[in-house]
Amino acid sequence: MEDCLAKKMEITVSEAEKRTGRNAMNMQETYTAYLIETRSVESQSEGQCVPVDSLWRRYSEFELLRNYLSVTYPHIVVPPLPEKRADFVWHKLSADNMDPDFVERRRIGLENFLLRVASHPVLCQDKIFYSFLTQEGGWKEMVNETGFQLKADSRLKALNATFRVKNPDKRFTELKHYSDELQCVISHLLRVRARVADRLYGVYKVHGNYGRVFSEWSAIEKEMGDGLQSAGHHMDVYAASIDDILEEEEHYADQLKEYLFYAEALRAVCRKHELMQYDLEMAAQDLTSKKQQCEELATGTVRTFSLKGMTSKLFGQETPEQREAKIKVLEEQIQEGEEQLKSKNLEGRDFVKSAWADIERFKEQKNHDLKEALISYAVMQISMCKKGIQVWTNAKECFSKM
Amino acid sequence: DTSLTEVNSCIPSMPISPSSMTNQYKFEDGPELRDLFITVDDPESHITAIETFITYRVVTKTSRGEFDSSEYEVRRRYQDFLWLKSKLEEAHPTLIIPPLPEKFIMKGMVERFSDEFIETRRKALHKFLNRVADHPTLTFNEDFKIFLTAQAWELSSHKKQGPSLLSRMGQTVRAVASSVRGGVKNRPEMFAEMNNYMETFSQKINVLDKIAHRIYKEERDYFNEMKEYGPIHTLWSASEEDIADSLKGVASCIDKCCKATEKRMAGLSENLLPILHEYVLYSEILMGVLKRRDQIQSELDSKVDALASKKTEKDLFSEEIGKLEDKVECANNALKADWDRWKQNMQCDMRSTFTNVAENNLQYYEECLATWESFLASQTVDLHVEEDSEDRP
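Residues numbered from 1 in each chain as written. Chains lettered and ligands numbered in written order. Predicted model: local features only at pLDDT ≥ 70, side-chain atom pairs only at ≥ 80, totals over all residues. Heavy atoms only, no water.

All names here are of chain A. Domain boundaries assigned for chain A yield domain 1 (1–149) and domain 2 (153–302 + 321–401). With 24 residues of domain 1 at the interface, the matching set in domain 2 holds 32 residues. Overall, the association of domain 1 and domain 2 removes approximately 2,300 Å² of surface from exposure, summing both partners, and the carbon and sulfur fraction of that is 63%. Taken together, the connections running from domain 1 to domain 2 amount to 4 salt bridges. Ionic pairing is found between R105 and D254, a salt bridge with its closest N-O pair at 2.8 Å. (Domains from an automatic or database assignment. Contact = heavy atoms within 4.5 Å. Buried area = accessible area lost by both parts, 1.4 Å probe. Salt bridge = Lys/Arg side-chain N within 4 Å of Asp/Glu carboxyl O.)

Here is the structure:
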């Protein structure tokens, strides 16, 4: 990470704003725009006051950027964007994209995305990425001009390759299984976590009912009145405390979600490998069959079934000149094919090498981040327990004085 | 019977008799030595051609002179308890007779003879007898003594004597009717205050009872979700290498917290819920006692009114009125004394029950805290080890 962009430039997504505009079909739409602020780090260290550059981008532009990066660097595990729609929601949280809490968490997620790209040794050097951060107008056109959409592999082709490839690199097969398992287990975890959060919310809030009843009851009690009243107050505090606790936990859920989406990015790299491998296998197969055809024509033996062979049997052989011409064409094709195969092989090996290097980098990052996330979860639980202890200690004192 | 967890003693300095085989039960009436110990246990099912019913073993240990023996063991069924309660109400219409568990429980949808139902009932019956035993007047009631000591056939024949069920019902009907007719005209202020108090208290205790049940339900739902939460982390650890330990650690913490939640729930159902329920029943009983007092007074009032309009037979009336006046004064004094006693006990019960609830929650949070803190310690130790090894060239 010696010269990555993140070290030279401070990047933040500092604000989010609701906007209205007209969409492609000239219908009014509401969307959120995010303010990206950048500032050079180097000049700062010299004690100068450096101005902040800023521009507004909306989510769809982030998506465009990511699509561009995925297509242009298929051997890289490209960092994922935060979710488009609120998923794994428990009842109190809104699933509405315009909800301020959701927008806030998305702002953080987008900033995280930019920082991840900026700290990636390969991705941070991309010009389109740099322009995304610094060039307000004309960026979309610039991206489209790269013609990256043409380079994108069709989903159908990729699916076909997945089923038909014969000898993928074993490491990628294992990686694919891992990414499937990761996706499965994290989504299960997030679903249960949402239900647990829902129930926990219920437990805390129900205690809030004590407050009002204790207060009303204390009105008719002479000796117990004070104790009841103050205990009721503590129950209100207890019930209210869950809101902050669960909001913090939502950030933990977001950390897990990032890796849920990273699993998809891993899969994309595996798919690319499968595609390339399948391509290679097809090219090799094609070459072999051409060579065979050539041999058959040259020696006159028919070893493999071919329609041409049958028709020539039925309708008479071709002339030696025709055969010669065919052999020439085939020999040219074979030569081309062999060159192509060589370059495809090289491509494939390069891909595997560079992809695997990025995957190793990703694995280290993942282990570090997930471990930190688990630790932060423990810290949150500890804080929740401490708050509980404080409230119930106070309540106990009030009760014992009744 | 060590399975019963009673509330802590209200007077902590009270010595508990070492020979007592009963659980610690709080002393309601100041530092008097108890001389009557009662337990209710060992529910047994009896099946006859006509019906199925449960009997409970009632064991009494006493040092009182009026008891022929120092130890008794009898078996009683719920009907017998109902009989005892109605006899006590009859003998002391303005005393506060402790509540009995209800005949049926509608909302819980608990089966009539499920273990849970029987156990809840057993505990409540035990409480009932002990409350009677602790009451300065009721404890010496003759029917109470017979209930504790008579063999089954003796009790049956004794029950057949005395006023019939219908006449007893008549008493209550008349009491309710008189209050419906517009209440008592000259209700002394003290009892008017009691009535107001009881109306509010009754409302509040019912709401509290509902809240407590809601809390129990929410905690149970939370527990059920938590049960699934821990194992997912263990499952995940199977596909990881480097973070497998951390994941397993989190799984274990969640499982421990899950168990702690179960304990917290048990505390609620053993302590808070029965007490609140008992006081819901008590509030009904107290409203009934106040009505009966009113009825006794209205008897006097109507006679006084009748006297005012009569010209002759004044002497006869005055004698009757004198008797009624005594009756009213007795009833009022009895109720006043019992009311004060009841209030003291109620405060004591509420204080210790809610303190217990707070204590349960404290224990829960402290257990969870310890679990997570030890997990955190294990993780940061690893981190330091990693950092150290990185620093070395």
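Next comes the rest of the write-up.
Now for the domain arrangement of chain B. Residues and elements named next belong to chain B. Here the domain parsing of chain B yields domain 1 (34–142) and domain 2 (190–392). Each of domain 1 and domain 2 was reduced to a C-alpha centroid, and the two centroids are 23 Å apart. Contact with domain 1, which involves 18 residues of that partner, is made by 23 residues of domain 2. Connecting domain 1 to domain 2 are 3 salt bridges. The residue D349 makes a salt bridge to R131 at a minimum N-O spacing of 3.0 Å. For the pair domain 1 and domain 2, the number of links is 9 residue pairs in polar contact (both at pLDDT 80 or more). Mapped by element, the contributors of at least two residues to the side of domain 1 that touches domain 2 are α1 (78–91) and α2 (115–134). If you tally residues by element for the side of domain 1 that touches domain 2, the top one is α2, at 4 residues. (Polar contact = N/O pair within 3.5 Å; in protein donor to acceptor, adjacent residues only side chain to side chain. Helix = DSSP H or I, 4+ residues; strand = E, 2+ residues; numbered from the N terminus.)

With that out of the way, let us pick up the state of the cysteines. All names here are of chain B. Applying the stated criterion across every chain yields a total of 0 disulfides over all chains. Here C257 is not disulfide-linked; the sulfur of C368 is the nearest cysteine sulfur, at 3.3 Å. For C257, a relative accessible area of 5% corresponds to the buried category. (Disulfide = S-S within 2.5 Å. Buried < 20%, exposed > 50% of the residue type's maximum accessible area, 1.4 Å probe, protein only.)

Turning our attention to the side chain of D41 of chain B. Along the chain, the position of D41 of chain B falls in strand β1 (residues 36–47). Once residues lying within four places of it in the same chain are set aside, the contact partners of D41 of chain B are Y56, R57 and R122 of chain B.

Over the atoms rolls a probe the size of a water molecule, and its path tells where empty space is left. Taken as a whole, this structure holds 7 cavities of 30 Å³ or more when the rule is applied. Here the largest cavity is characterised by a volume of approximately 170 Å³. The set of elements that each furnish at least two residues to the lining of the largest cavity consists of α9 (170–218), α10 (225–299) and α12 (320–400) of chain A together with α6 (189–237), α7 (244–309) and α8 (314–391) of chain B. For the lining of the largest cavity, the residue count by class is 16 nonpolar, 1 polar and 2 charged. The space that makes up the second largest cavity amounts to roughly 110 Å³. Looking at the second largest cavity, it is lined by 12 residues, and the ones nearest its centre are I96, Y282, R341, W342 and N345 of chain B. Counting only elements with at least two residues in the lining of the second largest cavity, the list comes to α7 and α8 of chain B. (1 Å grid on protein atoms, 1.4 Å probe; cavity = no way out; pocket = protein on both sides within 12 Å on 5 of 7 lines; lining within 4 Å. Points joined across faces, edges and corners; volume = space filled by probe spheres on them. Nonpolar A, V, L, I, M, F, W, Y, C, P; charged D, E, K, R; others polar.)

Another point: the interface of chain A and chain B. Every contact between the two is made by 53 residues of chain A and, on the other side, 54 residues of chain B. Approximately 5,400 Å² of surface area, both sides summed, lies buried where chain A meets chain B, with 73% of it carried by carbon and sulfur atoms. Here chain A is connected to chain B by 8 salt bridges. Where E373 of chain B meets K386 of chain A, a salt bridge forms, and the shortest distance between an N and an O atom there is 4.0 Å. Viewed at the interface, chain B and chain A are joined by 15 residue pairs in polar contact (both at pLDDT 80 or more). Of all the elements in the fold, those that place two or more residues in the side of chain A that touches chain B are α9, α10 and α12 of chain A. Top contributing element to the side of chain A that touches chain B by residue count: α9 of chain A, with 24 residues. Residues of the side of chain A that touches chain B, tallied by class, amount to 33 nonpolar, 9 polar and 11 charged.

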